[in-house]
Amino acid sequence: MSTRSFPGMPLFDSATYFNQIPRNSVFPDASPAVEIFVLGLSVEGALDDFRYTKDFLLSYSKKSQDTYDKFRGDAERLLLWSWLVKRKSVSMLRRRDLEEYTDFVAKPDPSWQSESVERRFTRKNGLREPNPRWRPFRLAGGGKGRLNTKSWQGLFSNLSVYFNYLMAEDYALGNQIPIVKKNCPYLIQQSGINTARRLSELQWEYLLSSAQSMADKEPLHERTLFVIATLKSLKLRISELSERPNWLPVMSHFHRDHEGNWWFRAFGKGSKERDVSISNEYIQFLIRYREYRGLSPLPSKDSSEPLIESRADNRGLGSRQLRNIVELALNEGCDALVSDGFTVEATELRAATTHWLRHTGASMEVAAGRNLAHVQADLGHGSIRTTDELYVDSDNMERASSAKWQEV
């Protein structure tokens, strides 16, 4: 991270605290520093920018925490850049400005970057104080921080929704994002093999073994082991394991049917619930984790304990906290691979994210011959075509195999 100080600060807190702001209030009472910062800017329209953006985020904050986080991140970065770099209201940005912004996103100023994900706000004396270590961008490296094609598509999609909202409110004159996207030199139109990012059998073996070793050495890491096993075996999105404003995963979401089969009730995209089937081997990880927490071996319909416990009573963990847990285990797995001489595999594993575990679980089940429709139902895909395109790569494997022995 650059030694130069960052001139801005985070603007919007997590969904939990954001939703506590009264609808008719512009600024959160718990974060007076935000109000001081915005009102102290010598930018005409900054207050209105903040007000309209806050109202925009309000429409998403109670639906899905992950969706709120994505819109918040992209809108917040654009606001800060518009105010601190262009010194103008976001409503006054034109096509050339937005093209300049994409250049900035592709290569942010070092003072706008941090080496790791930092909390936006911390609690101090009963207030939510901006974290001075927070930055809008993460330093690129090891596969993290640098935008890939999918990330660029997400950025343009989120900003287009944002500007459409501002237009509907008669605040912005137009939406130039589609034109900027069309001409963006960083958005590569891909026509290659469309497969999910996943771990190899070797990488998964080392990751799981490392998590088990961590738990054996330090009981506090029983939680780490359970999170790793759950994300992969149940093929969950990180949001489906985390506490959200309208959902707290609890132990009773594990349930057994009349034939003795175990299921997990997940709350996924589009506020849709689904039941995920559970393997016999995974049950042993559930039993181990519950016994570590001093609970009965298996949950009942009355088990109200948070699925992943936090240090606070009767609270779960948020997505960011869960990602930190997974990243710690990934680092241990990388170190173990390097120690045994698998440097290439370790380098690939360092680029992995929590979502790779979901892809890994689904890919391995499909490769093992499990019915594709059953995998689709567990994943919550609306179409079996999505599951097929992401996880069935037998044709590509045959193509790769046939090429290996061709002469030069």
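Residues numbered from 1 in each chain as written. Predicted model: local features only at pLDDT ≥ 70, side-chain atom pairs only at ≥ 80, totals over all residues. Heavy atoms only, no water.

Caption draft 1: Spotlight on the pattern of salt bridges. One pass over the structure, following the stated rule, counts 24 salt bridges. Arg133 is the partner of Glu118 in a salt bridge, and the nearest nitrogen-oxygen pair spans 3.4 Å. Remark: Arg133 occurs in the loop between strand S3 (127-130) and strand S4 (137-138) and Glu118 occurs in the loop between strand S1 (113-114) and strand S2 (121-124); sequence separation between them is 15 residues. With relative accessibility at 48%, the residue Arg133 sits in the partly exposed group. Ionic pairing is found between Arg274 and Glu240, a salt bridge with its closest N-O pair at 2.8 Å. One end of the pair, Arg274, is in strand S7 (residues 273-277); the other, Glu240, is in the loop between helix H9 (222-233) and strand S5 (254-256), and 34 residues separate them in sequence. Exposure class is identical for Arg274 and Glu240. Each is buried. The network of salt bridges with shared partners includes Lys86, Lys88, Asp97 and Glu100. (Salt bridge = Lys/Arg side-chain N within 4 Å of Asp/Glu carboxyl O. Helix = DSSP H or I, 4+ residues; strand = E, 2+ residues; numbered from the N terminus. Buried < 20%, exposed > 50% of the residue type's maximum accessible area, 1.4 Å probe, protein only.)

Caption draft 2: Representation of the sheet that holds S7. On the basis of which strands lie adjacent, the open sheet formed by 3 strands has the order S5-S6-S7 and antiparallel pairing. Edge strands, defined here as strands with exactly one partner in the open sheet, are S5 and S7. Taking each pair of neighbouring strands and ignoring which way they run, the sheet shows an average axis angle of 35°. Judged from the 3 bridges that link them, S5 and strand S6 (residues 262-267) form a sheet pairing that is antiparallel. Residue pairing across strands places His255 opposite Trp263, the latter belonging to S6. (Pairing = 2+ DSSP bridges. Axes fitted to C-alpha atoms, helices over the stretch in contact; angles between N-to-C directions.)

Caption draft 3: Focus on the pairing of S3. Where burial is concerned, the two faces of S3 differ: the one with Arg128 and Pro130 is buried and the one with Leu127 and Glu129 is not. The sheet contact formed by S2 and S3 spans 4 bridges and is antiparallel. Bridge pairing in S3 places Lys124 opposite Leu127. Following S2, the chain reverses through 2 residues before pairing antiparallel with S3; Asn125 in that reversal takes a positive phi of roughly 55°.

Caption draft 4: Quick look at the layout of surface pockets. Quantified by volume, the second largest pocket comes out at close to 360 Å³. Forming the walls of the second largest pocket are 19 residues, and the residues nearest its centre are Lys232, Ser233, Ser279, Glu281 and Glu365. Elements with a contribution of two residues or more to the lining of the second largest pocket: helix H8 (201-217), H9, helix H10 (280-292) and helix H13 (355-367). Looking at the lining of the second largest pocket residue by residue, the class counts come to 9 nonpolar, 4 polar and 6 charged. (1 Å grid on protein atoms, 1.4 Å probe; cavity = no way out; pocket = protein on both sides within 12 Å on 5 of 7 lines; lining within 4 Å. Points joined across faces, edges and corners; volume = space filled by probe spheres on them. Nonpolar A, V, L, I, M, F, W, Y, C, P; charged D, E, K, R; others polar.)

Caption draft 5: Summary view of unusual backbone geometry. Of note, Asn125 is a non-glycine position whose phi angle comes to about 55°, a positive value. By secondary structure assignment, the location of Asn125 is in the loop between S2 and S3. When its relative accessible area of 74% is taken as the criterion, Asn125 is described as exposed. Even without a glycine there, the phi angle at Asp170 is positive, about 60°. Here Asp170 lies in the loop between helix H6 (149-168) and helix H7 (177-182). The class for Asp170 is exposed, based on a relative accessible area of 71%.

Nothing here speaks to function; it is geometry throughout.
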